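The lines below spell out each chain.
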Amino acid sequence: MSGAELAVLALALPFAGIAAVVALGRHPNLREAATFATAVTLFLVVASLGPLVIAGERPGADLLEMFPGLTLALRVEPLGWMFAMVASGLWIVSTAYSVGYMRANGEEHQTRFYACFAAAIGAAIGIAFSGNVLTLFLFYELMTLVTYPLVTHHGTDEARRGGRTYLAFLLGTSIVFLLPAVVWTWLAAGSLDFRPGGLLAGRLEAPTAAVLLALYMFGIGKAALMPFHRWLPAAMVAPTPVSALLHAVAVVKAGVFAVLKVVVYVFGVDSLAALGGAAWLTAVAAFTVVAASFVALAADNLKRRLAYSTVSQLGYVVLAASLLTPLAVAGAALHLVTHAFGKITLFFAAGSIYTAAHKTKVSELDGIGRAMPWTMAAFAVGAVSMIGLPPLAGFVSKWFILSGAMQARDWIAVGALTASTLLNAAYFLPIVYRAFLVPAANGHGHDHAHGEAPVAMVAAQTFTAAVALAIFLFPGPAIALARSLAGG
Amino acid sequence: MKGVAAHLPVLLVVVPLIAAPLIVLVRRSLFAWVASIAVTLAVLAMAFALLAQALATGPISYAIGSWPPPWGIEYRVDAANAFVAVLVALVAAVVIPYCRVSTAAELGQERLYLFYALLMLCLSGLLGMLVTGDAFNLFVFLEISSLSTYVLIALGRNRRALTAALQYLLLGTVGATFYVIGVGMLYVATGTLNFADLAPRVAALQDTRPVVAALAFITVGIGLKLALFPLHAWLPNAYTYAPSAVSAFLAATATKVAIYVLMRLYFGVLGTRLVFGELPVGELLIALSVAALFIASATAIGQHDLKRLLAYSSVGQIGYITLGLGLATEAGLTAALAHIFNHGITKGALFLLAGALALRLGDTRFPTLDGAGRTMPVAAFAFVLGGLSLIGVPGTAGFASKWALLTATLEAGRPALAAAIVLSSLLAVAYVWRFVETAYFRAPPASHPPPGEAPAALTVPALALTGLVIAAGLYATPVLAVARRGAQALMGGAA
């Protein structure tokens, strides 16, 4: 098959998966088999695009002329391919995890759950392979809508409230800021194609460019730039597999991916730098990085702490993109990958703790490492990757971002990154310490004997933790791809 | 065949007009239904043929009885009114099959044939308003469509349909009277009623008092018919208490035709220089539109009945159309015409779905709709899709018009209006999510029937129109391209 056909197939597969999941709704085992089959096929299809992309090809296809002169189009480039690899690869892992989690917790509406999950991955592929801003916008909005039923899965009042916040922030920012930004770009450039060097290069004056950049950056609410970050903690009412794959990987990465696409292919790194750049964006991102870390430090609910950690880590990517140096942009692209593996491991572990021990708070985790050694070991690996220490993936991207910040002589950024590293250590290491070194508190009475989570869940988190280690040991291919992005 | 093709402009109006008395004579509901379907399909084919011809060869002029204009009555079909005629015919073709079960359940069988006869009259009146090139003839068709509409609304099951119809009758008559007063003034000042003949004479009179007064009377008169905020008082009750099929047909077509008439009179008769240059009518329209976007949409959120919510939503959505008209640019008119079509099919689909919900669940008040997502999963899901089009989510028809409208406001250098458009969309999110939370987050009450859908006679037309909403959103190029041609025809129509 040609590259173009593979790209279209990759987009179509998850949606075909929805049909299979719905059709097999009455047979849970077959239904989950359909999800697995779709996920594995999707991963293989995306992977088979790799050699083409690495060789410098940009396979793509025009799907449909949506508006006169404006088509829905796919175009696979290195950054999008990396994002698609991460999303489709982790879909397989998280499906294994989901099956364990959803069955062990006796969740209802599982057909809807797996169907929406597939739709969310389809939207992620659409975003990753989007050939122009319109296509990206279409799938971006689709992703918000199909993840809403997942966020509100439990149908409780709390879920409804969380869902309202989720929609209000994500749809609100995309309608009020992002849509006008897209229309404005269309009017200014007469095109919406992503172009190496920047679609808008040389077309805008400094003050207008800054306004447009602000519309984009705050309009892409999925990047969770403060003050539009509150949807992410609100989304934590979802079942944990959703938080793990979607709100640590697919949805939030779609956000920072869109930020990178806009900075690199719409504005152009060099032309944005020439226009006086994005100093304000660096400041906002730096503030987000540090402030979210403080909130995480104070959060006792484990998933809430992880959510704010994600807000902070997404801030790294935006911060890196705003520095506009090749090293930092490469670091941003890398962080998109490394954070995915670290954070999904942490969420998997949180879900395992909930499933096996029914605990959701950090303060309840004393001594849990003895009953759940695999889970807490995986958690420790994820935590160290978040902090950005060797020998884990987080170190690689942080190294690039920090080097980029120093290259740009942006001491605000350097300060924020340093402070955040310390804060990360301050809110993650105590959990590991409690789990393994503090003896379990007796006397609360509600402790019951429990062991590890179901084996599918443990296997999933062990695998992602192992990948986080592998990326540190063999970072070459990822770095090469990321640098090709920064090079134009 | 060539002979028939030449008479399409008049056949478009005459075929449904003749069908009405025929239906009354036969007095059989099945005959009435079959005849109505045949008529609407014929009308739809004719509307498409006229649109194709207008796009290919430019405006078509047809002299009734071969009396050349301005002495005889002229019908004039261009890309703009043929486009709106396609919308009207399309919605009619979807609504009539729906009536057989829906309206029979609401009205009973024995007088059903009268209902179809009225619907044919209404269709004829609306199409006549679109194609006529004569100011007085337009008044006649306005009354034909209005009078039949009053009765159609009064047929609603709830007794309040009677007061709703009376309210509309009073305000509608004021509107029609204002229109005819305005036309009378123009006739006194110029001595002609033909649009094309009027235009140069009105232009020569500049802003003399009769012309300005005529402009004011016509704007208020037609403004009442199109439910221009704040002249929309009749609309919520009329849409709420009318039979389901009537709500769908009227919401999708009646106000849209009135908006087209206003466009035609502004650009084709009174002239842009007077309306948008010397007098600030455009700015006035824009101000009222923005008020509609926010006030009517916010009012929609708090309604206790789904049909009423949709009605207020319509007032708000009409604001988007009149906003495009108020810009008085080609891009603005394109957006307005595109939204006439896109909102027409969207609101038509939503009212049809509301009727399907009402048929199985009893009514459309919010407590009744609790858990509708579980009781009627397909209808509820389709309703959400239609709601997304009201919001303007990409991939739906509503997005295409929103895109066109944003382009038009930004091109015109009016970013504040663009901001108003996107901010008011958030109100649409709120009222659509009112339904989502009712249908999906509440348990169905004990009074609900077991899960299942309405009969296929209702579900299939409603889903077909919903499918069109999505298709017209993903592939919006035809609608936008035709709308642009229509805008060009309107703007060039003054000569």
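What you see is a predicted model, and the numbers here were worked out from it, not measured in a lab. Every chain is numbered independently, its residues counted from 1 as its sequence is written. Just so you know, chain letters begin at A and ligand numbers begin at 1, following the order they were written in. For a predicted model such as this one, the threshold for reporting local features is a pLDDT of at least 70, and the threshold for listing and counting side-chain atom pairs is 80 or more; totals across whole chains, interfaces and linings nevertheless cover every residue.

Caption draft 1: Up close: the overall build of chain B. Numbering of helices and strands starts at the N terminus; helices are DSSP runs of H or I of at least 4 residues and strands are runs of E of at least 2. The helix and strand inventory of chain B stands at 22 helices and two strands. Each principal axis of the C-alpha atoms in chain B carries an extent, and together these give about 70 × 55 × 40 Å. Going through the 495 residues of chain B one by one, you find that 63% of them count as buried. In chain B, the share of contacts with a sequence separation of at least 24, taken over all contacts with a separation of at least 6, comes to 80%. With C-beta atoms placed from the backbone, a residue counts as buried when 20 or more other C-beta atoms lie within 10 Å of its own, as exposed when 12 or fewer do, and as partly exposed for counts between those limits. By the convention adopted here, residues make contact when the C-beta atoms placed from their backbones lie within 7 Å.

Caption draft 2: Focus on the packing of helix α2 (residues 28-54) of chain A against helix α4 (residues 110-128) of chain A. All names here are of chain A. To obtain each axis, a line is fitted to C-alpha atoms, and for helices this fit is confined to the stretch in contact; angles are then taken between N-to-C directions over 0 to 180 degrees. Between α2 and α4, the least distance of the axes is 11 Å, while the angle of their chain directions is 5°. When the axes of α2 and α4 are compared, the pair comes out roughly parallel. From α2, Pro-28, Arg-31, Thr-35 and Thr-38 reach across to α4, where they touch Gln-110, Thr-111, Tyr-114 and Ala-118. Residues of the contact of α2 with α4, tallied by class, amount to three nonpolar, four polar and one charged. Reported orientations rely on four angle classes, namely roughly parallel under 35 degrees, roughly antiparallel over 145, roughly perpendicular from 65 to 115, and oblique for the rest. Just so you know the grouping, Ala, Val, Leu, Ile, Met, Phe, Trp, Tyr, Cys and Pro go in nonpolar, Asp, Glu, Lys and Arg go in charged, and all remaining residues, Gly too, go in polar.

Caption draft 3: Molecular detail of the interface of chain B and chain A. Opposite the 24 residues of chain B that make contact, chain A presents 22 residues. Going through the elements one at a time, α19 (397-411), α20 (415-441) and α22 (477-491) of chain B are the ones with two or more residues in the side of chain B that touches chain A. Top element by residues in the side of chain B that touches chain A is α20 of chain B. It accounts for nine residues. For the side of chain B that touches chain A, the class distribution of residues is 18 nonpolar, four polar and two charged.

Caption draft 4: Seen up close, helix α9 (residues 209-226) of chain B. All names here are of chain B. Under the convention used throughout, the expected extent of a helix is 1.5 Å for every residue step, that is, one less than its residue count. Along its 18 residues, α9 runs 25 Å from first to last C-alpha, staying within 8% of the 26 Å computed at 1.5 Å per residue. Buried residues of α9: Val-211, Ala-214, Leu-215, Phe-217, Ile-218, Thr-219, Gly-221, Ile-222, Gly-223, Leu-224, Lys-225 and Leu-226, and no others. In this structure, the buried side of α9 is in contact with α7 (160-190), α8 (195-205), α11 (244-270), α12 (272-278), α13 (281-301) and α14 (306-327). Following α9 by one or two positions, Ala-227 has its phi on the positive side, about 65°.

Caption draft 5: Region of the structure containing the pairing of strand β2 (residues 74-77) of chain B. Residue and element names in this part refer to chain B. Of the two faces of β2, the one lined by Glu-74 and Arg-76 and the one lined by Tyr-75 and Val-77 are each fully buried. As paired elements, strand β1 (residues 60-63) and β2 share four bridges and run antiparallel to each other. Residue Tyr-62 lies in a different strand from β2, and its bridge partner there is Tyr-75. Two strands form a pair only when DSSP identifies at least two bridges running between them.

Caption draft 6: Broad picture of the pairing of strand β1 (residues 60-67) of chain A. Residues and elements named next belong to chain A. Relative to strand β2 (residues 70-75), β1 runs antiparallel, the two being bridged by six bridges. Counted as the bridge partner of Leu-64 is Leu-72 from β2. Between the antiparallel neighbours β1 and β2 lie two residues, among them Gly-69 with a positive phi of about 80°.

Caption draft 7: Quick look at the nonpolar core. All names here are of chain A. Counting 424 residues, the largest nonpolar core has Ala-87 and Val-259 as its most contacted members. Per-element tally for this core: the top contributor is helix α9 (residues 240-267), with 21 residues. Ignoring sequence-local partners within four residues, the contact set of Val-259 consists of Met-217, Ile-220, Ala-223, Val-317, Val-318 and Ala-321. Linking buried Ala, Val, Leu, Ile, Met, Phe, Trp, Tyr and Cys residues through C-beta atoms within 7 Å yields a set, and such a set is a nonpolar core.

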